[in-house]
Amino acid sequence: MPLSDDELKDAICEKAAKSPKPQLYIKDFYKCDPDAKPRKIKNVANELVREGRLMFWSSGSTTMYADPSRIQNEEKNR
Amino acid sequence: MAKHETPLLDQLEGGPWPSFVSDLKHQAETKPEVYDILGQLELSYKDRITHWKHGGIVGVFGYGGGIVGRYSDVPEQFPGVEHFHTIRVAQPASKYYSTENLRKLMDLWEKHGSGVTNMHGSTGDIILLGCRTEALEPFFWDLTHDMGQDLGGSGSNLRTPECCLGQSRCEWACYDTQETCYHLTLHYQDEIHRPAFPYKFKFKFSGCANDCVAAIARSDISVIGTWRDEIRIDQAAVKEYVAGNYPANGGSHSGRDWGPFDIQKEVIDLCPTECMWMEGDELKIDDKECTRCMHCINVMPRALRPGADQGASVLVGAKAPILDGAQMSTLIVPFMKVEKENEYEELIEFIETVWDWWMEVGKNRERVGETMQRIGLNNFIKIMGLEPIPQMIRIPRENPYVFWAEEEVEGGFDRDIDEFRARHAA
């Protein structure tokens, strides 16, 4: 059974906080709820960005998602 | 910011052609940070390595595209380019600008950024090069509130859709490319401004097979105008061309004497499907063999016109050579009506079927054309719910990549080899 939006948000944030690399592709979040459609995962991830719980990191050609505190640290050290 | 010695770059001013170095020097007179672009580039030429750091978390609130982060890795030497972000501004349909709009945009860019531009990027956006992080939001506010213009796409977003001049100026446009581009731009605002996909995704709209926006070479979904009835022929005008009274190609080759017009050599023999011939002084076309390439229409525009039952072909999968080399789009739907009346329902349904599949199956940083290649065209057209047609195959029987499935073959793939060898020795 698919996760509720709030459960999915928590699962995505947890993944972003614990993954070895701070930047994650949208597809990396698909595993957070294998029953959810990719479009739903994308919408929820983008809502998390609006809420300030995730951040975008863009190379220009590809956009990734990151936990704000982790990525801001990483950017400082770049 | 001081002027730097740039002996290597100065060589680029030596030729008879326009030089970006001269342009940057000119711009530096009013924007001194531009001296630091020249200085850093000179250093890159010496070190043979870029000194730009690419990408980052910069953007404007609510958008996940339109800004590309760029920083110098030698900011102590070149503080003027410590932050030098790129901003993509969506171009108007077909790039029709008023000078008033361009002047306002340039004033805005002089106010907030370096004043350096690239007109245009390959997606068609106006590219503004060189903005500090703290100037991004003020620029965005002025752009959207004072000018009513928007940022374009970047990253894993739908990129800014692009179209040819279409029916605004061109008699050959088989659908309203500008209206289609505008409608889909508004329809897919979320996909343009926020990442949605495994990688970039581009639409381009051309009104006919002349493909003035190179949709077939540059876009993941290429919508190219065509017709499904017969080329309209004005036989009286054909006679005028043959008699040399009308200039071929609308007079576009008139700068030189190419000799008298030869319809056989310049039109009939160059037809890729050899579907044209003369009967007496009348031009005949076997339209069922015509591939709608536009060549004959281009040569004799007063005699030939696209048919009246117009729409578009939809092709999928072009890309520039980043991973596997350049690739042209593959024809998937030979004809589709592209109409405002039904709000482009058929096209939108097609686009979203492609997206839903690609979002699930596409690998990270894999363009849809690469995904198609990886899984095979036969599987792709099954997913799209389409029947294979000969036009999907580049060279029939030579390099077919539509294969029969066992259940489609009567009796399956099992054969009695002995019975076969009795008739055909090995």
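Cut-offs used in this document
- Residues numbered from 1 in each chain as written.
- Chains lettered and ligands numbered in written order.
- Predicted model: local features only at pLDDT ≥ 70, side-chain atom pairs only at ≥ 80, totals over all residues.
- Core = buried A, V, L, I, M, F, W, Y, C linked by C-beta atoms within 7 Å.
- Buried ≥ 20, exposed ≤ 12 C-beta atoms within 10 Å, placed from the backbone.
- Helix = DSSP H or I, 4+ residues; strand = E, 2+ residues; numbered from the N terminus.
- Domains from an automatic or database assignment.
- Contact = placed C-beta atoms within 7 Å.
- Pairing = 2+ DSSP bridges.
- Expected span 1.5 Å × (residues − 1).
- Axes fitted to C-alpha atoms, helices over the stretch in contact; angles between N-to-C directions.
- Parallel < 35°, antiparallel > 145°, perpendicular 65-115°, else oblique.
- Nonpolar A, V, L, I, M, F, W, Y, C, P; charged D, E, K, R; others polar.
- Left-handed = near helix turned anticlockwise from the far one by under 90°.

(A) Representation of the nonpolar core in the model. By size, the foremost hydrophobic cluster in this structure holds 62 residues, and its most contacted members are B:Val223, B:Tyr241, B:Met300 and B:Val354. Counting residues per element, this core draws most heavily on helix α12 (residues 345-361) of chain B, at seven residues. Domain assignment of the residues forming this core places at least three in each of domain 2 (162-228 + 309-408) and domain 3 (232-305) of chain B. With sequence-adjacent residues up to four places away left out, B:Met300 is seen in contact with B:Val238, B:Tyr241, B:Ala248 and B:Val267. By size, the runner-up hydrophobic cluster in this structure holds 20 residues, among which are A:Ile12, A:Ile26, A:Ala45 and A:Leu48.

(B) Spatial organisation of the sheet that holds strand β2 (residues 67-68) of chain B. Residue and element names in this part refer to chain B. Spatially, four strands are ordered β2-β4-β6-β5 in an open sheet, and the strand pairing comes out antiparallel. Each edge of the open sheet carries a strand with a single partner, namely β2 and β5 (116-119). Both β5 and strand β6 (residues 126-129) contribute to a ladder of four bridges, which runs antiparallel. Each bridged residue has a counterpart across the sheet, and for Asn118 the counterpart in β6 is Ile127.

(C) Inspection of the pairing of β6(B) at higher detail. All names here are of chain B. Where burial is concerned, the two faces of β6 differ: the one with Ile126 and Leu128 is buried and the one with Ile127 and Leu129 is not. Here strand β4 (residues 86-89) pairs with β6 via four bridges, running antiparallel. Opposite Arg88, over in β6, you have Ile127 as the bridge partner.

(D) Geometry of the sheet that holds strand β14 (residues 310-316) of chain B. Residues and elements named next belong to chain B. Here we have five strands laid out as an open sheet, ordered β7-β8-β9-β14-β15, and mixed in their pairing. Strands at the two margins of the open sheet, each flanked by one partner only, are β7 (162-163) and β15 (330-336). By the bridge criterion, four bridges tie β14 to β15 in an arrangement that is antiparallel. Bridged to Val316 within β15 is Thr330.

(E) Spotlight on helix α3 (residues 33-47) of chain B. Residues and elements named next belong to chain B. Spanning 15 residues, α3 covers 21 Å between terminal C-alpha atoms, matching the ideal 21 Å at 1.5 Å per step. Considered for burial, the residues of α3 that qualify are Glu33, Val34, Tyr35, Asp36, Ile37, Leu38, Gly39, Gln40 and Leu41. Among the structural elements, α1 (7-10), α2 (20-28), β3 (70-72) and β5 are those in contact with the buried residues of α3. Positioned one or two residues after α3, Arg48 has a phi angle of 55°, which is positive.

(F) Structural context of the packing of α12(B) against helix α13 (residues 368-375) of chain B. All names here are of chain B. Where α12 meets α13, the closest approach of the two axes is 11 Å, and the angle between their N-to-C directions is 75°. Taken together, the axes of α12 and α13 lie roughly perpendicular to each other. Here α12 contributes Val354, Trp358 and Val361 to the contact with α13, which in turn contributes Val368, Thr371 and Ile375.

(G) Region of interest: the domain arrangement of chain B. Residue and element names in this part refer to chain B. The domain boundaries assigned to chain B delineate domain 1 (7-145), domain 2 (162-228 + 309-408) and domain 3 (232-305). Distance from the C-alpha centre of domain 1 to the C-alpha centre of domain 2: 32 Å. On the domain 2 side, the residues contacting the eight residues of domain 1 number 15 residues. Broken down by class, the residue content of the side of domain 1 that touches domain 2 amounts to two nonpolar, six polar and no charged.

(H) View of the packing of α2(B) against α3(B). Residues and elements named next belong to chain B. Packing of α2 against α3 leaves a shortest axis separation of 7 Å and a crossing angle of 150°. For the crossing formed where α2 meets α3, the hand is left-handed. Packed against α2, whose contacting residues are Leu24, Gln27 and Ala28, the element α3 presents Val34, Tyr35, Ile37 and Leu38 at the interface. Broken down by class, the residue content of the contact of α2 with α3 amounts to six nonpolar, one polar and no charged.

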